[in-house]
Amino acid sequence: MRPVIGITTYAQEASFGVWRLPAALVPLDYVSAVERAGGRPVLIPPSADGVEEALDAVDGLVFSGGADVDPTHYGADAHPETDSPQTARDAGELALLRSALERDVPVLAICRGFQLLNVVRGGDLVQHLPETVGHDAHKQVPGRFSEHPVEVKEGSRLASLIGARSTVASHHHQAIGRIGDGLVQTAWAKDGTLEALEDPSRRFAVGVQWHPEAREDQVLFEGLVREAGAYRAARGGR
């Protein structure tokens, strides 16, 4: 059987023909990327209930992008440019990520997920990056990805997957501030913005600020699925 990869979902209103309703959804690129990598994707709704049951059912997790993490989770007041809080999604994903790391479930954290990984380990965020770097190259046009190079730390798990440098697709106005406990910095943009973190003590806990699914960049998903298969085998399958 293919490793089962849970993908966290957005919680927002969506259109379905004549209907406009609250929905738990995710861009199809995430699902397609997991399938191409050999995994079986399942969507995980944003809820703090049933976290352990969800983890019992999956072999790996993708924490997807989306709205800003509520700054109250890292002890800060909201910046005027910070998104309105998504209380249910924040609570559900923080609980899911904490338990996943405790269980050593393989995790790939993307964009918002990358920032969530830092927050769950006690780090904080820069709430509006253009004020720090003096430009908006990481999110030049709302709704369109910006492309830029990153340099990757030699010897890191990330480097073993993508090499010493790569061109990535970004769409973010926030960034990592104080680094969370146990996390190692592994990639940077030319302006010094931190673009990746990982926890070397975990089986696979890699976070990237960019969107590999947007460029059909399979190596990160393949790395996740490979480790998810090993995790599944280690716990005796199902």
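Residues numbered from 1 in each chain as written. Predicted model: local features only at pLDDT ≥ 70, side-chain atom pairs only at ≥ 80, totals over all residues. Heavy atoms only, no water.

Student: Describe the pairing of strand β6 (residues 107-110), with residues and values.
Tutor: Neither face of β6 is left uncovered, since the one carrying Val107 and Ala109 and the one carrying Leu108 and Ile110 both have all their residues buried. Between the parallel elements strand β5 (residues 60-63) and β6, the chain passes through helix α3 (residues 87-103) in a crossover that is right-handed. With four bridges connecting them, β6 and strand β13 (residues 205-208) associate as parallel partners. Looking across to β13, one finds that Val107 is bridged to Ala205. (Buried < 20%, exposed > 50% of the residue type's maximum accessible area, 1.4 Å probe, protein only. Helix = DSSP H or I, 4+ residues; strand = E, 2+ residues; numbered from the N terminus. Right-handed = clockwise from strand over helix to strand, strands pointing away. Pairing = 2+ DSSP bridges.)

Student: Can you lay out the sheet that holds strand β4 (residues 40-44) for me, pointing to particular residues and giving the numbers?
Tutor: Pairing in this open sheet of nine strands is mixed, and the strands run β4-β1-β5-β6-β13-β12-β11-β8-β9 from one edge to the other. Each edge of the open sheet is held by one strand with a lone partner, namely β4 and β9 (165-170). Mean inter-strand twist for the sheet, computed between neighbouring axes without regard to direction, equals 25°. Of the pairings in the sheet, the one linking strand β12 (residues 194-198) to β13 comprises three bridges and is antiparallel in character. Of the residues in β13, the one forming a bridge with Leu197 is Gly207. Those strands touched by α3 are β1 (4-8), β4, β5, β6 and β13, and its axis lies near 145° from that of β5. Against the sheet, helix α7 (residues 218-234) contacts β1, β5, β6 and β13, and its axis sits at roughly 150° relative to β6. (Axes fitted to C-alpha atoms, helices over the stretch in contact; angles between N-to-C directions. Contact = heavy atoms within 4.5 Å.)

Student: So, the packing of α3 against helix α4 (residues 112-120): which residues are in play, and what are the values?
Tutor: Two measures define how a pair of helices packs: the angle their axes make with one another and the distance between the axes. For the pair α3 and α4, the least separation of the axes is 10 Å and the interaxial angle reads 65°. Here α4 runs roughly perpendicular to α3, going by the angle between their axes. With respect to the hand of their crossing, α3 and α4 are arranged in right-handed fashion. Where α3 abuts α4, its residues Arg89, Asp90, Glu93, Leu94, Leu97, Arg98 and Leu101 lie against Arg112, Leu116, Leu117, Val119 and Val120. Tallied by class, residues from the contact of α3 with α4 come to seven nonpolar, no polar and five charged. (Parallel < 35°, antiparallel > 145°, perpendicular 65-115°, else oblique. Left-handed = near helix turned anticlockwise from the far one by under 90°. Nonpolar A, V, L, I, M, F, W, Y, C, P; charged D, E, K, R; others polar.)

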